[in-house]
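# Structure at a glance
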Amino acid sequence: SVGRPVLFTFDDLHWSQPFIIEVIKEFAVNYAHDTSLGKSEDSIKNKHQGLLIAGTYRSNEVKEEDDLIRSINFMKDSGKVNVTSLNVAELTKADITQLISAKLCLPWRYTQELAGFREKQEAIPSLLLNFSGR
């Protein structure tokens, strides 16, 4: 990733096979260390500054003993990976109404009923963003 940032994204990790979780963990923990022989610490650090691994999962679908959570904790504890967690709350009907209203350029009173589908089926933020064309 020298000179060019690289982003790896993994969506819905709560449904991933344990092998996939293990590959991501091993890559994240060992990537900077497999090419370090004979190089200064500064050159290694600068070489990998443009790498970001982003993964998403539903916290209500995993338990502390699951492979995913154990792998995340392992990466945090390794001291080799900077792990940042962002907790995203479930979208409310008001959130969805606002998103739809903004995209369709309509007042809330016209889009509230459209936002009501959330109560029948769980709303996924990326689905709504795809719908809105963002």
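Since this is a predicted model, take the numbers as computed values, not measurements. (Residues numbered from 1 in each chain as written. Predicted model: local features only at pLDDT ≥ 70, side-chain atom pairs only at ≥ 80, totals over all residues. Heavy atoms only, no water.)

### Some remarks on the overall build of the protein chain
- A count of helical and extended segments in the protein chain gives 7 helices and 2 strands.
- Reading the protein chain from its N end, one meets helices and strands in the order β-α-α-β-α-α-α-α-α.
- Considering the protein chain as a whole, with its 134 residues, one finds that 22% of them fall into the buried category.
- For the protein chain, the proportion of contacts with a sequence separation of at least 24, taken over those separated by at least 6, is 62%.
- Carbon and sulfur atoms form 54% of the exposed surface of the protein chain, whose accessible area is close to 10100 Å². (Helix = DSSP H or I, 4+ residues; strand = E, 2+ residues; numbered from the N terminus. Buried < 20%, exposed > 50% of the residue type's maximum accessible area, 1.4 Å probe, protein only. Contact = heavy atoms within 4.5 Å. Areas by Shrake-Rupley, 256 points an atom, 1.4 Å probe, with all protein chains shown as cover.)

### Regarding a nonpolar patch on the surface
- On the surface, Leu 104, Leu 106, Tyr 110 and Leu 114 cluster together into a nonpolar patch covering about 370 Å² of accessible area.
- Along the polypeptide, Leu 114 turns up in helix α5 (residues 108-115). (Patch = residues over 30% accessible without salt bridge, like charges linked within 9 Å, V, L, I, M, F, W, Y side chains within 5 Å. Salt bridge = Lys/Arg side-chain N within 4 Å of Asp/Glu carboxyl O.)

### Concerning the side chain of Lys 25
- Of note, Lys 25 is situated in helix α1 (residues 18-30).
- Apart from residues lying up to four places away in sequence, Lys 25 is in contact with Ser 71, Phe 74 and Met 75.

### A few points about the packing of aromatic side chains
- In total, this model carries 1 aromatic pair according to the counting rule given.
- Measuring from ring centre to ring centre gives 5.6 Å for Phe 8 and Phe 27, while their planes differ by 85 degrees; the resulting arrangement is edge-to-face. With a gap of 19 residues between them, Phe 8 in strand β1 (residues 6-10) and Phe 27 in helix α1 connect regions that are remote in the sequence.
- Residue Phe 8 is classed as partly exposed on the basis of its relative accessible area, which comes to 34%.
- Residue Phe 27 is classed as partly exposed on the basis of its relative accessible area, which comes to 31%. (Phe/Tyr/Trp six-rings, centres within 6.5 Å; stacked < 30°, edge-to-face > 60°.)

### A short note on helix α4 (residues 93-104)
- Compared with an ideal rise of 1.5 Å per residue, which puts 12 residues at 16 Å, α4 spans 16 Å between its outermost C-alpha atoms and is within 8% of the ideal.
- Residues of α4 that are buried include every one of Ile 96, Thr 97, Leu 99, Ile 100 and Ser 101, and no others.
- A positive phi of about 55 degrees marks Cys 105, the residue just after α4. (Expected span 1.5 Å × (residues − 1).)

### Quick look at the pattern of salt bridges
- Per the counting criterion, the structure on display carries 3 salt bridges.
- Across the pair Lys 25 and Glu 22 runs a salt bridge, and its minimum N-O distance is 3.2 Å. Of the two residues, Lys 25 and Glu 22 both sit in helix α1, 3 residues apart, roughly one turn of that helix.
- Its relative accessible area of 12% is what places Lys 25 among the buried residues.
- The partner of Asp 67 in a salt bridge is Arg 70, with the nearest N and O atoms 2.3 Å apart. Of the two residues, Asp 67 and Arg 70 are both situated in helix α3 (residues 67-78); the distance of 3 residues between them amounts to about one turn of the helix.
- For Arg 70, a relative accessible area of 47% puts it in the partly exposed group.

### Structural notes on α3
- Compared with an ideal rise of 1.5 Å per residue, which puts 12 residues at 16 Å, α3 spans 16 Å between its outermost C-alpha atoms and is within 8% of the ideal.
- Where α3 is concerned, the buried positions are Leu 68, Ile 69, Ser 71, Ile 72 and Met 75. Relative to the axis of α3, the buried residues are bounded by an arc of 165 degrees and lie together on one face.
- Buried residues in α3 make contact with α1.
- Looking one or two residues beyond α3, the residue adopting positive phi is Gly 79, at roughly 75 degrees. (Arc of directions from axis to C-beta.)

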